[in-house]
Structure formats: C-alpha cells, structure tokens
Amino acid sequence: MQTYRLTLQPLSALGTPLAGDTLFGQLCWTLRHQLGNDALTALLAGYTQGQPFAVVSDALPQGHLPLPSLPSSAWQAEAGSDRKVLKKKRWLPLSSLREQLPKWQQLAQADSALGATLERAQPHNSINRQTGTTGTGMFAPYTMGQTWLAPGSQFDVYVALDSARLSVAQLQAALTYIGQHGYGRDASIGLGKFALVGEATPVTWELPSQGTPNAWLTLAPCAPQGLGFCPVRSHWHSVTRFGRHGDVAVQSGTPFKRPVLLAKTGSVFWPEQLDARRAFIGQGLGGTAAPVSLTLPETVQQGYAPVVPIHIPETPETIAASAVLERV
C-alpha cells in the first residue's frame with residue numbers, strides 16, 4: 001500500500017471532528033453511492049483479516065504530525081520551562097523529524113500557534129406544530145457545539161491506499177463529494193463543508209537520522225490489541241468510540257453501534273521487528289463474525305491507523321514500566 005497526502009481546506013464550521021475512523025465511515029457511504037453496493041462489498045472483502053483497501057488518518061494541521069504520547073521523562077527539558085505550556089505543545093513540524101527525539105517537545109507547536117479556533121454553542125429548537133411554539137420536553141430549546149477554524153487554514157489527511165482496488169482518482173472524487181455535501185453532524189444544515197486542495201501526493205517517510213526505526217507513531221485512532229506490541233515500551237492513551245451510523249442507516253430506528261475501545265492518535269507502539277515499508281498497523285473491527293452494529297451486522301469499524309517510523313532511544317526512562325501512560 002502507498003501512503004498519500006491530501007490537503008483539505010474547511011469552508012464552514014464543523015459539528016464533528018475530522019477523525020480518521022469517522023472519515024473512513026463516510027468514505028464508505030460515499031463509495032456506495034458513487035460505485036454501487038456491490039463495489040463497496042468487494043472493497044471491504046478481507047477488511048477484518050488485515051486487508052483494508054484504505055486507511056485514513058485524522059486531519060492534521062498542515063505540515064505537522066502529532067507529538068508522540070511519551071512520558072515527560074522522554075523529553076529534554078530546558079531550565080525554567082513552564083510545564084503547563086509544554087503540555088499544550090502537541091503538533092510536531094515535519095522538518096523536526098530529523099532532530100533528536102528528546103528535543104521534539106521544545107520544537108512542537110500548540111493549537112494557539114497554528115491558528116485560532118472558536119468553539120461556540122449554536123441554539124436549536126423544535127416547533128410544536130399544534131401550538132406553533134417551542135415548549136418543554138422534546139420541544140425545549142437546546143444548543144449544539146460547533147468548531148470554527150481560522151480562515152484559510154488547511155489540514156493534511158494521510159491515506160494508505162491499495163490503488164489496485166481503489167484508484168487515487170476515485171479516492172479524490174469521493175473526498176470532493178464529502179466536502180461538497182458536508183461531513184459529520186448537521187451536514188444537512190451547512191456544517192462540515194471543505195475543499196480538496198491540489199492533488200494527492202505520494203509520501204515516503206524519511207527514516208530517522210537518530211538510529212534504526214524501532215517504533216510506530218500512529219496518525220489515527222487504532223486497535224492494537226493482540227498484535228504483539230511490547231506493553232512496556234509502547235505508550236498510548238485510550239478513547240472509547242460511541243459510534244453511530246450515518247447516511248440512510250440513520251433512519252433505521254437504531255443507529256447506534258456498540259462502544260469500541262481504541263488507542264488515541266499519536267500513540268507509540270514498539271513491535272518486535274519493524275518493517276519501515278509498512279504503511280499502517282491495527283486491525284479491522286466488526287463484520288458478521290464480531291458485529292459492532294445490530295442494525296447492519298456487516299458494518300466494519302476502522303481500527304487501523306497510518307503510521308510513521310520513528311526511533312526512540314532505549315534509556316531507562318523510556319522503557320521503565322512506571323512510565324507507561326495507560327494500558328488497554
């Protein structure tokens with residue numbers, strides 16, 4: 001599989017974060033509309049057996065990667081550094097990958113440095129057609145959150161793609177369709193619009209200059225359970241996805257899926273042997289054998305993530321069991 005970089009420019013507020021697994025779900029619905037249900041079924045063949053046709057990353061600030069989720073002892077601290085300020089630095093410039101890993105936190109950027117975002121509450125209401133007004137209960141006014149991004153801001157999405165099954169042109173056409181019709185919650189009232197900027201660019205990650213790559217940095221939430229990663233040298237935070245169906249399945253009456261436990265974007269996994277040519281790690285979840293949906297048992301959940309090979313110095317601080325952030 002080849003990794004491609006695609007650039008998105010938001011054109012409206014977002015109701016749903018641009019997360020890799022959610023983007024993959026909407027990509028599948030779009031391909032169903034554009035290519036047909038049989039074509040989507042063929043693309044998903046083998047998905048839960050380690051043969052995904054595409055693995056989608058989160059939308060990352062242009063030119064940046066997530067700072068690895070490593071313990072504070074892994075970073076080189078400067079005298080007088082404010083710990084609270086350092087903890088907000090979570091985006092690493094691509095150019096800094098060549099630097100020694102202990103310096104990465106100092107070189108990273110906070111959200112505020114990459115362009116202001118505004119969280120606002122959008123009022124909504126339902127009208128009781130008998131009274132012509134709002135009221136109580138299901139007719140009570142309520143608010144929903146929206147995320148407004150800085151004008152002109154752009155984001156990189158990395159897709160590990162099997163172009164023998166889905167062409168780059170088909171991928172770009174699907175993402176263009178999603179951007180025009182809206183992504184995520186409240187797309188029908190104007191949220192989630194974005195433009196695809198330029199063409200997909202093949203990406204080959206430069207091997208770290210610090211030493212032989214020995215760990216993976218993930219670019220999307222993933223399911224690493226049972227894949228043989230070292231439980232001591234690997235570091236991650238977990239997140240529970242309470243998913244729900246999109247598109248026409250919303251009208252099924254039971255759109256909610258079973259909760260899924262994933263490792264957050266920016267996790268670090270240490271395999272026994274690392275093949276730097278590998279484009280993704282993780283596993284496909286769901287399917288009829290272990291359904292995540294009772295409404296559509298064939299539904300799958302992206303538990304894969306595109307990865308970047310990095311080198312972590314083997315010091316007592318980085319391999320100590322007490323330094324593990326969280327274990328699934």
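What you are looking at is a predicted structure, and each value in this text was computed from that prediction instead of being measured.

As a further point, take the overall build of the chain. A count of helical and extended segments in the chain gives six helices and 18 strands. Taken over the C-alpha trace, the chain has a radius of gyration of 21 Å; the compact-globule value for 328 residues is 20 Å, and the two agree within 12%. Burial statistics for the chain: of 328 residues in total, 45% are counted as buried. The long-range share in the chain, meaning contacts at least 24 apart out of those at least 6 apart in sequence, stands at 78%. Working note: accessible area of the chain is about 16200 Å², and carbon and sulfur atoms make up 53% of it. Side chains of the chain carry 24 positive and 20 negative charges; the gap between the two charge centres is 6 Å.

So, on to the confidence of the model for the chain. On average, the chain scores 89 in pLDDT, and the residues at 70 or more come to 95%. Scored below 50 in pLDDT, residues 316-328 makes 35 contacts in the model with residues more than four places away or belonging to other chains.

Take the side chain of T3 next. Within the secondary structure, T3 is located in strand β1 (residues 2-10). The buried category is assigned to T3, whose relative accessible area is 6%.

Read from one edge of the open sheet, three strands run β4-β5-β6, paired in antiparallel fashion. Each having just a single partner strand, β4 (64-66) and β6 (109-110) make up the two edges of the open sheet. The sheet contact formed by strand β5 (residues 89-93) and β6 spans two bridges and is antiparallel. Residue pairing in the sheet places K89 in a bridge with A110 of β6.

Turning our attention to helix α1 (residues 20-35). A rise of 1.5 Å per residue sets the reference length of α1, with its 16 residues, at 22 Å; its end C-alpha atoms lie 21 Å apart and thus fit the reference within 8%. Among the residues of α1, G20, D21, L23, F24, L27, C28, W29, T30 and L31 are the ones counted as buried. G36 sits one or two positions beyond α1 and adopts a positive phi of about 105 degrees.

Let's shift gears to the packing of aromatic side chains. Counted by the stated rule, this structure contains seven aromatic pairs. Consider the rings of F24 and Y47, whose centres lie 5.2 Å apart with planes at 15 degrees: the pair is stacked. You can see F24 sitting in helix α1 and its partner Y47 sitting in the loop between α2 (37-43) and β2 (54-56), a full 23 residues away along the chain. The same class applies to F24 and to Y47, which are both buried. These aromatic residues form a ring-pair network of at least three members: F24, Y47, F53, F280 and Y304. Of note, R233 hangs over the ring of W270, and the distance from its end group to the ring centre comes to 5.2 Å.

What follows is about the nonpolar core. One broad rule of soluble globular proteins: the nonpolar side chains tend to lie buried together. Ranked by internal contacts, the top residues of the largest apolar core, which has 36 residues, are F53, V159 and L171. Every element with two or more residues in this core is listed here: β1, α1, α2, β2, β9 (155-161), α5 (168-181) and β10 (194-203). When residues no more than four places from it in sequence are discounted, the contact partners of L171 are L6, L27, V159, L161 and L166. The next biggest cluster of nonpolar side chains, apart from the first, holds 24 residues, and it includes W75, L92, L97 and I312.

Moving on, we get to the pairing of β9. Consecutive residues of a regular strand have side chains that alternate between opposite faces of the sheet. Among the seven residues in β9, seven count as buried, and that is most of the element. Here β9 shows a buried face lined by F155, V157, V159 and L161 and a second buried face lined by D156, Y158 and A160. In this structure, β1 lies alongside β9, joined through seven bridges in antiparallel fashion. Along β9, the bridge assignment pairs Q2 with L161. Where strand β3 (residues 60-61) lies against β9, two bridges are found, and the strand directions are antiparallel. Within β9, the residue paired with L60 across the bridge is D156.

Glancing now at the environment of S126. Positionally, S126 belongs in the loop between β7 (118-124) and β8 (142-148). For the pair S126 and F139, spaced 13 residues apart in sequence, the C-alpha to C-alpha distance is 5.0 Å. If near-sequence neighbours (up to four positions away) are discounted, S126 is found in contact with T133, T134, M138, F139 and Y142.

Another aspect to go through is unusual backbone geometry. Non-glycine residue D186 carries a positive phi angle of around 60 degrees. Along the chain, D186 turns up in the loop between α5 and β10. Looking at D186, the relative accessible area reads 22%, which means it is partly exposed.

Time to look at α5. Between its terminal C-alpha atoms α5 stretches 20 Å, which fits the 20 Å expected from 14 residues at 1.5 Å a residue. Taken together, the buried positions of α5 are L171, Q172, A174, L175, I178 and G179. Down the axis of α5, the buried side of the element spans an arc of 160 degrees, and every buried residue falls inside it. The exposed residues of α5 that point more than 90 degrees off its buried face are A169 and Q180. Buried residues belonging to α5 abut β1, α1, β9 and β10. Count one or two residues on from α5 and you reach G182, which has phi positive near 105 degrees.

Scoring rules and cut-offs
- Residues numbered from 1 in each chain as written.
- Predicted model: local features only at pLDDT ≥ 70, side-chain atom pairs only at ≥ 80, totals over all residues.
- Heavy atoms only, no water.
- Helix = DSSP H or I, 4+ residues; strand = E, 2+ residues; numbered from the N terminus.
- Rg over C-alpha atoms; globule rule 2.2 N^0.38 Å.
- Buried < 20%, exposed > 50% of the residue type's maximum accessible area, 1.4 Å probe, protein only.
- Contact = heavy atoms within 4.5 Å.
- Areas by Shrake-Rupley, 256 points an atom, 1.4 Å probe, with all protein chains shown as cover.
- Lys, Arg positive; Asp, Glu negative; His and termini not counted.
- Charge placed at Lys NZ, Arg CZ, Asp CG, Glu CD.
- pLDDT = per-residue confidence, 0-100.
- Pairing = 2+ DSSP bridges.
- Expected span 1.5 Å × (residues − 1).
- Phe/Tyr/Trp six-rings, centres within 6.5 Å; stacked < 30°, edge-to-face > 60°.
- Lys NZ or Arg CZ within 6 Å of the ring centre and 35° of its normal.
- Core = buried A, V, L, I, M, F, W, Y, C linked by side-chain atoms within 4.5 Å.
- Arc of directions from axis to C-beta.

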